[in-house]
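Commentary on secondary and tertiary structure
Here is how the chains run, residue by residue.
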Amino acid sequence: LLHPQFAFGAETLNRERGLDLEEVYSGPDGRVLRNRRVLPRARLTVPGSVAFAERRPTKWVLEVEALSGGLLIVANPFFPGWRAALDGRPASLRASPGDAITIAVPSGKHRVELVYQPVSFRIGAGTALLAAVLVIAILAKGRRR
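Anyway, here's the lowdown on the structure attached to this text. None of the values given here were measured: they were computed from a predicted structure.

1. Some remarks on the side chain of asparagine 76
- Tracing the sequence through the fold places asparagine 76 in strand β6 (residues 70-77).
- With a relative accessible area of 13%, asparagine 76 lands in the buried category.
- Not counting the four nearest positions on each side in its chain, asparagine 76 is found in contact with Arg41, Trp60, Trp82, Asp99, Ala100 and Ile101.

In structure tokens:
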């Protein structure tokens, strides 16, 4: 997206930054550029197909068909708390914090689930629940008096 105040366009960015952009919209509210080199959000390193069956902020389900064993790469940064399951069984993630999420996938059709459940969220939810129980107990005790 380019704000209307910018006088340059796709040609200038392509030349100066080595990009491959094309302008798909231009109007008084700005310009929209499309990156012709963009890769799919999820892809295999081997021939096959990947389709999203479900995509929520904390859970992604992908249907994968790999013609041979390879890697599934999901263009989402890995952080501790991401967990993977391959056909319902836990699968290890090959990534360092900030890298794209990578999962080994054998040949054939598979269902890959990625779930984000960081420990910090569970600690926060537990603390909130404990605080709510304590408040209710204090209020109940106050009413008895």
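Having put the structure on the table, let's press on.
2. Here's the deal with the nonpolar core
- Membership of the largest hydrophobic core comes to 19 residues, with the highest contact counts inside it found for Leu72, Leu93, Ile101, Ile103 and Leu114.
- Residue assignment for this core shows that the elements contributing at least two residues are β3 (42-44), β5 (59-66), β6, β7 (82-86), β9 (100-105) and β10 (108-116).
- Ranked by the residues each element gives to this core, the list is headed by β5, at four residues.
- Those residues in contact with isoleucine 101 that lie beyond four places of it in its chain are Leu72, Ile73, Val74, Asn76, Pro77, Phe78, Trp82, Leu93, Ala95 and Leu114.
- Core analysis: the second largest hydrophobic core is formed by five residues, Leu2, Ala10, Leu13 and Leu21 among them.

3. Let's talk about the sheet that holds β9
- On the basis of which strands lie adjacent, the open sheet formed by three strands has the order β3-β6-β9 and antiparallel pairing. The open sheet has two edge strands, β3 and β9, and neither has a second partner. For this sheet the average axis-to-axis angle between neighbouring strands, irrespective of direction, equals 20°.
- Note that β6 and β9 share six bridges and pair antiparallel. Within β9, the position partnered with valine 74 by the bridge is isoleucine 101.

Here is what the cut-offs are and how they apply
- Residues numbered from 1 in each chain as written.
- Predicted model: local features only at pLDDT ≥ 70, side-chain atom pairs only at ≥ 80, totals over all residues.
- Heavy atoms only, no water.
- Helix = DSSP H or I, 4+ residues; strand = E, 2+ residues; numbered from the N terminus.
- Buried < 20%, exposed > 50% of the residue type's maximum accessible area, 1.4 Å probe, protein only.
- Contact = heavy atoms within 4.5 Å.
- Core = buried A, V, L, I, M, F, W, Y, C linked by side-chain atoms within 4.5 Å.
- Pairing = 2+ DSSP bridges.
- Axes fitted to C-alpha atoms, helices over the stretch in contact; angles between N-to-C directions.

By themselves, these are just geometric observations and shouldn't be taken as functional.
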